[in-house]
Amino acid sequence: MSQRLKLEVKALNTIGGQDLVIFVSDKLTPAKLAEDWLGEGAHALLARAAAADKFKGKVFSGMTLLAPDGAGYERLVVIGVGPDADHDKLDFAKLGGAVAGKLGSGRSADVIIALPDVEISAEQAAAVALGLRLRAYVFDRYKTKTREADDADPITVTLRTPDPAALKKALKACEAVAGGVEIARDLVNEPPNVLYPEEFAERAAKLEKLGVEVEILDEKQLKKIGMRALLGVGQGSRRESRVVVMRWNGAKPGVRPVAFVGKGVTFDTGGISLKPGAGMEDMKGDMAGAACVTGLMHALAARKAKVNAIGVIGLVENMPDGNAQRPGDIVTSLSGQTIEIINTDAEGRLVLADVLWYTQDKYKPRFMINLATLTGAILVALAQENAGLFSNDDELCERLAVAGKATGETVWRMPLGAAYDKMIDSKFADMKNSAGRYGGSITAAQFLQRHVNETPWAHLDIAGTGMGSPNSETNRSWGSGWGVRLLDRLVANHYES
Ligand code: MN
Ligand code: ZN
């Protein structure tokens, strides 16, 4: 990742950037605070340009015009915020993203943080900064040519506000979250020859700098613990499997932790049940759940969240090989239950089965949320608009739904039930790892639930949202970092002491 944005916060007593950014309503009225800096003739110019451009101040739309003669800036960037009546529910992160989308690389800009009617709080202004940063993210580590070109020059943005001290304070939490999203995006975007289980574990270990305790379990230890379902998935790979436990102790010792579990299949060929070739390169993203958990642990530690949180990620590579797992194999998971392998491409649930059981058994968490790019079927059901949510706990679902709406990382609850559970009964073992096409996301969730006891638990199927999402105001990256903001918000809303 390269940082294409330099962000500053200053008072509104001067402007000095090349571009001046203002927000206007659908009546094209700028905020009072912006008026002083527009310069003579700017209103008439704006009205003419808007008419010519058919610019109507629609929310997140933008227009760029040359400054009037004698103004203290070169270009005026006008961003719409829609009708006044809608401003109390404006998404400020998206607004920041819209601003970043209008700014040119290598230029400097002053953004006047003010709306025409209502005041912007320090938290809302910080969300604008978050959106700017998320939109400016670019993964260009392997682009040797464009990295040196002009369009790789950073944008310098100065947020102009009447209360810079309050905004600087609010920015700290936002920077922690932005850093977490960027870590998750980087991990998802990295190629699978670079990011394999051991390398992923090394990157997670970097969180130690922030005070996170990181424990890396190797294959010898995993065998001893009894994670045979997880190890079965990785046994066809030259790369060794790993489980990483990350612990952030932000609350008093003895306060029960919250736990996050991630599927980290660093590449999924499908194994002996080999996937078709077309699009297989996308399977480098089959670790987006683990990436989210790692990014989340960064966010919580970097903003010193007052919570005890555990992140556990299962890291394996699923390859076809002379030693690979076969359809028909029966493995015993850590829970003691036996699993008949029907399809070696249904591997994520095998990894999670052991890691979920281990997490609830060892850490007795208040709740356990797992994230996984688990099924293609969730794309059939929900497209890329919502993550699938499966849970044994209504309160946890309600809280996730609220945090989802607030962050734009929305979830949609899907059913669990005895009839679905029956579908994964096996002829030869306690259960089978695949029950065919019908309700594919649900039967995968039922499989996970057989490895969860009374612990409040939620499973987020992020196969549609973790990567390759449609462009949004806050994301242009293939790896979206989906879930970091959602779960950080969930913790902030309910679980900090
Ligand atoms: Mn698979
Ligand atoms: Zn997979």
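The structure this text deals with has already been given above.
Quick caveat, the model's predicted, so the values are computed rather than measured.

Draft legend 1. Spotlight on the coordination of the manganese ion (ligand 1). Summarising the metal site, the manganese ion (ligand 1) is bound by the protein donors Asp268 (OD), Asp345 (O), Asp345 (OD) and Glu347 (OE), whose distances to it range over 2.0 to 2.2 Å. Motif for the manganese ion (ligand 1), donor spacing along one chain: D-x76-D-x1-E. Between the manganese ion (ligand 1) and the zinc ion (ligand 2), a separation of 2.9 Å is found, and both are coordinated by Asp268. The exposure class assigned to Asp345 is partly exposed, which follows from its relative accessible area of 23%. For Glu347, a relative accessible area of 1% gives the class buried.

Draft legend 2. Highlighting the pattern of salt bridges. As enumerated under the stated definition, the model contains 27 salt bridges in all. Its salt-bridge partner being Arg4, residue Asp140 comes within 2.8 Å of it at the nearest N-O pair. Of the two residues, Asp140 is situated in the loop between helix H4 (122-136) and strand S6 (155-160) and Arg4 in the segment before strand S1 (5-10); the sequence distance between them amounts to 136 residues. Residues Asp140 and Arg4 agree in their burial class; the two are buried. Bridged by salt links that share partners, the residues Asp19, Glu74, Arg75 and Arg107 form one connected network.

Draft legend 3. Quick look at the pairing of S6. Counting buried residues along S6, five of its six residues qualify, which places the element largely inside the surrounding structure. Bridge count for S1 against S6 is six bridges, and the pairing is parallel. Within the sheet, the bridge partner assigned to Leu5 lies in S6 and is Ile155. As paired elements, strand S5 (residues 108-112) and S6 share five bridges and run parallel to each other. When the bridges of S6 are listed, Ile112 appears paired with Arg160.

Draft legend 4. View of the coordination of the zinc ion (ligand 2). Around the zinc ion (ligand 2), the protein contributes the donor atoms Lys263 (NZ), Asp268 (OD), Asp286 (OD) and Glu347 (OE), at 2.0 to 2.5 Å from the metal centre. Every donor counted, the four donor atoms about the zinc ion (ligand 2) form angles of 86 to 176° at the centre, which fits irregular coordination. Sequence positions of the residues that donate to the zinc ion (ligand 2) give the spacing K-x4-D-x17-D-x60-E. Look at Lys263 and you get buried, because its relative accessible area is 1%.

Draft legend 5. Examining the packing of helix H9 (residues 288-302) against helix H15 (residues 484-494) more closely. One can describe the packing of H9 onto H15 by two numbers: an axis separation of 9 Å at closest approach and a directional angle of 45°. Relative to H15, the element H9 is oriented oblique. When the axes of H9 and H15 are compared, the crossing they make is right-handed. The residues of H15 that touch H9, namely those facing Cys292, Gly295, Leu296, Ala299 and Leu300, are Val484, Leu487, Asp488 and Val491. Considered class by class, the residues forming the contact of H9 with H15 number seven nonpolar, one polar and one charged.

Draft legend 6. Layout of the nonpolar core. Core analysis: the biggest nonpolar cluster contains 94 residues, and Met246, Ile369, Leu400, Leu460 and Leu487 have the highest contact counts within it. Apart from the residues lying within four places of it in its own chain, the contact partners of Ile369 are Ala259, Phe260, Val261, Leu396, Leu400, Ala458, Leu460, Leu487 and Leu490. Counting residues in each nonpolar core, the second largest holds 36 residues, with Leu231, Val331, Tyr358 and Ala372 among its members.

Reading the values: the criteria
- Note that residues are indexed from 1 along each chain, following the sequence as it is written.
- Chains and ligands are labelled by the order in which they are written, letters from A for the one and numbers from 1 for the other.
- Per-residue local features of the predicted model are confined to residues with pLDDT of at least 70, and side-chain atom pairs are confined, for both listing and counting, to 80 or more; whole-chain, interface and lining totals are unaffected and use all residues.
- Only hydrogens and water are set aside; all other atoms, that is, all heavy atoms of the structure, feed into the side-chain values.
- Each metal's donors are the N, O and S atoms found within 2.8 Å of it, except that Na, K and Ca use a 3.2 Å limit; water is left out, so coordination can look incomplete.
- Note on classification: 1.4 Å probe, protein chains only; a residue is buried when its accessible area is under 20% of the maximum for its type, exposed when over 50%, partly exposed between these limits.
- For salt bridges, the criterion is a side-chain nitrogen of Lys or Arg within 4 Å of an Asp or Glu carboxyl oxygen.
- Under the DSSP-based scheme used, a helix requires at least four consecutive residues in state H or I and a strand at least two consecutive residues in state E, with every element numbered from the N terminus.
- Any two strands with at least two DSSP-identified bridges between them are counted as paired.
- Site shape is set this way: if four donors have all angles between 85 and 135 degrees, tetrahedral; if opposite donors are over 155 degrees apart and all others between 65 and 115, square planar for four donors and octahedral for six; otherwise irregular.
- The axes are straight lines fitted to the C-alpha atoms, using for helices just the contacting stretch, and the angles between their N-to-C directions are given from 0 to 180°.
- Any angle between 65 and 115 degrees counts as roughly perpendicular, while under 35 counts as roughly parallel, over 145 as roughly antiparallel, and the rest as oblique.
- By definition, any crossing whose near helix is turned counterclockwise from its far helix by less than a right angle is left-handed, and any crossing with a clockwise turn is right-handed.
- Residue contacts are counted whenever heavy atoms from the two residues lie within 4.5 Å of one another.
- Here the nonpolar group is Ala, Val, Leu, Ile, Met, Phe, Trp, Tyr, Cys and Pro; Asp, Glu, Lys and Arg are the charged ones; every other residue, Gly included, is treated as polar.
- Among the buried residues, those of types Ala, Val, Leu, Ile, Met, Phe, Trp, Tyr and Cys that are joined through side-chain atoms within 4.5 Å form a nonpolar core.

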